[in-house]
Amino acid sequence: MATSCDQLKKIQGHPCFGGNHHKNGRMHLAVAPRCNIKCGYCSRKHDCANESRPGVTSRLLTPDEAIVKVREVMASPVVGPIIKVIGIAGPGDPLANEETFETFRLVGEEFPHLIKCMSTNGLLLPESIDRLHDLGLHSLTVTLNALDPAVGSRIYGHILYHGTVYRGEEGARILIENQLEGIRRAVGLGMTVKVNTVLIPGINDGQVSDIGRTVKEFGAFVMNIMPLIPQAELAHVVPPTPKELDVVRRANEAVIGQFKHCRQCRADAVGLIGAELTVGESACALPPAP
Ligand code: SF4
Ligand code: SF4
Ligand code: SF4
């Protein structure tokens, strides 16, 4: 699907889609505690969501607390003017939490000019996409780490889908099918889609180029290949070096645009990417991205 003028204008304001991340900032609202899958690299002691970054557990917000926080931030003469995006990215999966929808509704009512963005594992995307569209979600990130269920089964411990736990290839297959169907439908509804792939050496490195090709065909706008942060069941895996990561990104940039500025932010980050500010306890203390 072609990128419309309106989409382009909005992308230009979105720091995670290549939209001038030195000037435009985002505010994450940590309203989504529950998750419906188990990624092998996820330690729920951490604030991990779908962006796979480290950090301490967030202070969870209710939707009512979240909108109060948005008001405070937007009223700040220092931070308010740079915030262009309101994102929900955890600490669990946004779609496993009804609070996500209520929060977007409240934000849309009061701050219609802010871009609404969400990051998900994609399991519930096909059944949620119309609701998200009705709420005015503009940009969507789906973390897609495998196309082959056999590879997926080495990454995902289980999924919990409509009340049933699925493990192994069966669970991975459902997840992957829903991720791809969700991406296809989101693009069809005019959303700008980013695909995050956690590069896990020895497990999914052989899948990355297929993922890039496939999601490009489905209409994804950009890909964000992120280095594994070894923890939980995948704590033993040696993460890619910055050089190895760079090689993989370069190998894929002819197929689909690569977003290289990701700092694997916390689910409650506020401000410019990599230069967190400033508001309350939302500072991001991560080292620079490789
Ligand atoms: Fe953790 Fe996010 Fe994976 Fe859920 S989807 S297990 S919160 S990394
Ligand atoms: Fe959106 Fe994800 Fe960036 Fe947050 S991290 S603003 S959810 S793309
Ligand atoms: Fe953007 Fe990456 Fe940070 Fe998300 S985690 S806000 S994609 S830089």
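Computed from a predicted model, the values in this text were never measured in an experiment. (Residues numbered from 1 in each chain as written. Chains lettered and ligands numbered in written order. Predicted model: local features only at pLDDT ≥ 70, side-chain atom pairs only at ≥ 80, totals over all residues. Heavy atoms only, no water.)

Points about helix 8 (residues 242–252)
- Every buried residue of helix 8 is listed here: Leu245, Arg249 and Asn252. Each buried residue of helix 8 sits inside an arc of 65° when the element is viewed along its axis, so together they form one side. The outward face of helix 8, more than 90 degrees from its buried face, is lined by the exposed residues Lys243, Val247, Arg250 and Ala251.
- Of the surrounding secondary structure, the elements contacted by the buried residues of helix 8 are strand 8 (192–199), helix 7 (208–217) and strand 9 (222–227). (Buried < 20%, exposed > 50% of the residue type's maximum accessible area, 1.4 Å probe, protein only. Helix = DSSP H or I, 4+ residues; strand = E, 2+ residues; numbered from the N terminus. Arc of directions from axis to C-beta. Contact = heavy atoms within 4.5 Å.)

Some words on the packing of aromatic side chains
- Under the definition given, this model contains zero aromatic pairs.
- In this arrangement the basic side chain of Arg131 is found over the ring face of Phe101, its NZ or CZ atom lying 3.8 Å from the centre. (Phe/Tyr/Trp six-rings, centres within 6.5 Å; stacked < 30°, edge-to-face > 60°. Lys NZ or Arg CZ within 6 Å of the ring centre and 35° of its normal.)

Section: the confidence of the model for the protein
- The pLDDT averaged across the protein works out to 86; a share of 82% of its residues lies at or above 70.
- Across residues 46–57, confidence stays below pLDDT 50; counting only partners more than four residues off in sequence or on other chains, it has 55 contacts.
- Every residue in residues 278–290 scores below 50 in pLDDT, and together they form 28 contacts with partners more than four places removed in sequence or on other chains. (pLDDT = per-residue confidence, 0-100.)

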